[in-house]
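Results of the structural survey
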Amino acid sequence: MDALIALRIRVDKPYVGVGHGFGPAEVRVAAPAGNSAPATVIASVNGVKQESSPFSSIVLFSNMKGGLHMDVIQEVEMSTEGNSVGEQASTEKNRKDSRSFRPASIDVLDHVKINVDPDTPVSTLRNVIKSSKSDPSFSKEELTKAEEKLRKAFVEFYRQLRLLKSYCFLNMLAFSKIMKKYDKITSRSASKSYLEMVDKSYLGTSDEVNKLIERLEATFIKHFANGNRRKGMKSLRPGHKKERHRTTFFLGLFTGCSIALVAAIIVSIHARNLLNHEDEGSTWIIYFHSTGTELGFREVFLLASGLSVLALAAVLSNLDMEMDPRTQSFEALTELVPLGLVTVVLLITFCPFNIIYRSSRFFLLRCAWHCICAPLYKVTLSDFFLADQLTSQVQAFRSLQFYVCYYGWGDFKKRSNRCLESNVYEILYIVVAIIPFWSRALQCLRRLFEEKDTMQGLNCLKYFSTVVALVMRTIYDLRRGPFWKVMAASTSGVTTIYSTYWDIVIDWGLLQRNARNPWLRDKLLISNKAVYFVAIVVNILLRLVWMQLVLDFNEAPFLHRRAMVAVVACLEILRRGIWNFFRLENEHFNNVGKYRAFKSVPLPFHYEDEKIM
């Protein structure tokens, strides 16, 4: 806080108001010497030294845009009401010590560097070329970033203190309940003496956590909420989201409509014998993924059911394939329905207005941008988890590519196109498919460089082998021939074995022979162990779907060729959904086992000499 206050003063070029005069100021902020000692502001106005207690009316101003702006407010002394005589004496001693303590002046910035975290492309390149520490530039942007980092650090530290306070309370409550149960079973009255011992212990008498919480609240409200307690506490304690009944209502409505539309599509397909219709129409394999920190399971299901109704209604309307016998052309409006559906979804996703969960949509877009720009952004859980989801959407990306070619260069009224005859289209057909895997591999390289974890290097090799197999399978699908078939089969076999082992052993943490649960792991979320063995078998079988192109199983007598592609894509989405559940379960148990209950929050300043603090 000393460095932040000094940086605010240095950036804003303040003036100090004492009494009725204003003049150039030298400001020193005396740091508290103890837990309850107040801060002291020492100011020099026009060469005259002034010392202010926490109860004086010194206010720091800066002349910005022709007006006075209140900038820094010193901390107030915590109330000593209810404290013991010893604590009050300690407070008085700390107050005296603080007056003799060498204050942290604005010169503290001479010994401070700015931490440059490699979480953006610019900062990443700066860390590679230069150092991770930079000299202060005293710019508004630098001050804003420092304030934002310290604000996040305060909020996270406050959450940790509240959890620690809750932990102490639960332990005290547990002692009480255990002793009451003991007295009831043994018909003894031993709880009183034991509870008195617990109450006199450090756990029962220590008030350090409460004092830290009070000091943190006071500091945060003064320096980050401009003295507004309601605003400050709202930032420290975010409110819980209220459940809305209309979410449940529309969830049920959309689910019912989806079921009805699926039935209508099946009836329409069989009535018109569309399975035997040969055409090169656009495919409907588009999977929409929505994620965010503010959505509960009801909201997620609501979005899924809403998108299902939208997509199924568009599919049903597109099945009206009546052709004019004179022009041999389809209706333009009917053929534009798939393009209209994609356009509507994209407009909803990028809509800047505060509707349809804007914060969650922007969170998704931000994570997607981080995946595209890998490895320039710092890799977080949300980033690599989304990248894993995108690796299962290869057919969706290829469908979007076909949309561009079909509606841009093809004659969609006659349902004719020459996309596959273009060499550029074939190259993009491969590039579009490998982008998600390449992005995930670069994320692994970034984590290998930062965390020095060899497992990230092996994970990168897994995605690289998938890229090679995907390229070979695509070339075989386009060119055919025995050579490409052998190459596609060998690379697909290697990556299938590699990826299956990684899914089950590394990502899920299963197949541990000496575990408490044989061939699973020590801790399981689901009590029925058969579920895990079934999931292992299903994952292996669905992984083998990757081989369907090589083994020429892509055509079935009872399915249209496009329908088979849709089935394969849906099976991959199903496999990814199963993978998500057990992957998050294993991540949770790893965090618990390693006591990782909090995330690490970087601080903005680095002190070259710890003695000045």
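Residues numbered from 1 in each chain as written. Predicted model: local features only at pLDDT ≥ 70, side-chain atom pairs only at ≥ 80, totals over all residues. Heavy atoms only, no water.

A closer look at the overall build of the protein chain
We count it as follows: Each helix is a run of DSSP H or I of at least 4 residues and each strand a run of E of at least 2, with the numbering of both proceeding from the N terminus. Under the scheme applied here, a residue whose accessible area is under 20% of the maximum for its type counts as buried, over 50% as exposed, and between as partly exposed, the area being computed with a 1.4 Å probe on protein chains only. Surface accessibility follows the Shrake-Rupley procedure with a 1.4 Å probe radius. Residue values consider only the protein chains on display as shielding.
A count of helices and strands for the protein chain gives 20 helices and twelve strands. When burial is assessed residue by residue, the protein chain has 39% of its 613 residues classed as buried. Of the roughly 36,200 Å² of accessible surface on the protein chain, 62% is carried by carbon and sulfur atoms.

Describing the sheet that holds strand β9 (residues 133–134)
Quick reminder of the rule: Only strands joined by at least two bridges in the DSSP assignment are considered to pair.
Reading across the sheet, the three strands line up as β9-β8-β12 and stay open at both edges, with antiparallel pairing between neighbours. Of all strands in the sheet, those with a lone pairing partner are β9 and β12 (605–607), marking the two edges. Where strand β8 (residues 112–115) and β9 come together, two bridges link them in antiparallel fashion. Note on β9: the bridge partner recorded for isoleucine 114 is serine 134.

Some words on unusual backbone geometry
The amide bond that connects alanine 374 to the next residue, proline 375, takes the cis arrangement and shows omega of 10 degrees. In this structure, proline 375 sits in the loop between α13 (358–372) and α14 (381–390). Positive phi, close to 55 degrees, is recorded for tyrosine 357, a residue that is not glycine. In this fold, tyrosine 357 is placed in the loop between α12 (337–349) and α13. Residue tyrosine 357 is classed as partly exposed on the basis of its relative accessible area, which comes to 24%.

Let's talk about the confidence of the model for the protein chain
The test is simple: Predictor confidence is given residue by residue as pLDDT, running from a minimum of 0 to a maximum of 100. Only heavy atoms enter the contact rule, under which two residues are in contact if any of them lie within 4.5 Å.
Considering every residue of the protein chain, the mean pLDDT works out to 76; 73% of them sit at 70 or more. The secondary-structure element of the protein chain with the lowest mean pLDDT is strand β6 (residues 67–70), recorded at 36, while helix α19 (residues 530–543) shows the highest, at 94. Below a pLDDT of 50 lies the segment residues 14–91, which in the model reaches 152 contacts outside its immediate sequence neighbourhood of four places, other chains included. Contacts for the low-pLDDT stretch residues 93–104, under 50 throughout, to residues beyond four places or in other chains number 22 contacts.

Notes on helix α1 (residues 2–12)
Summarising burial for α1: nine of the eleven residues are buried, a large majority. Turning to α1, its buried residues number three or more, namely Ala3, Leu4, Ile5, Ala6, Leu7, Arg8, Ile9, Val11 and Asp12.

Remarks on α14
α14 sits mainly inside the fold: seven of its ten residues count as buried. By the burial criterion, the buried members of α14 are Asp383, Phe384, Phe385, Leu386, Ala387, Asp388 and Gln389.

Digging into the packing of aromatic side chains
Heads up, the rule is: Centres within 6.5 Å make a pair out of two Phe, Tyr or Trp rings, where for Trp the six-membered ring is used; the pair is then stacked when the planes are under 30 degrees apart, edge-to-face when over 60, and tilted otherwise. Should the NZ of a Lys or the CZ of an Arg lie within 6 Å of a ring centre and within 35 degrees of the ring normal, that charge is described as sitting over the ring.
In total, this model carries 13 aromatic pairs according to the counting rule given. Ring geometry for tyrosine 406 and tyrosine 407: centres 5.1 Å apart, planes at 85 degrees, overall edge-to-face. What makes tyrosine 406 buried here is its relative accessible area of 1%. Exposure remark for tyrosine 407: the relative accessible area of 14% places this residue in the buried category. Judged by centre distance (5.2 Å) and plane angle (70 degrees), the ring pair of phenylalanine 483 and tryptophan 484 falls under edge-to-face. We classify phenylalanine 483 as exposed; its relative accessible area is 54%. Among the aromatic residues, those joined into a ring-pair cluster are Phe402, Tyr403, Tyr406 and Tyr407. The ring centre of phenylalanine 449 lies 5.0 Å from the NZ or CZ of lysine 452, which sits over that ring.

Points about the environment of threonine 248
With respect to the element layout, threonine 248 can be found in helix α9 (residues 245–272). Taking C-alpha positions, threonine 248 is 6.7 Å from arginine 298, a pair spaced 50 residues apart along the chain.

Looking at the pattern of salt bridges
Going by this rule: Whenever Lys or Arg places a side-chain nitrogen within 4 Å of a carboxyl oxygen from Asp or Glu, that contact is recorded as a salt bridge.
Enumeration according to the criterion identifies 17 salt bridges in this entry. Measuring nitrogen to oxygen at the nearest pair gives 2.8 Å for the salt bridge that ties glutamate 156 to arginine 159. Here arginine 159 and glutamate 156 lie together in helix α4 (residues 140–186), a separation of three residues that amounts to about one turn. Here glutamate 156 falls in the buried class, since its relative accessible area comes to 7%.

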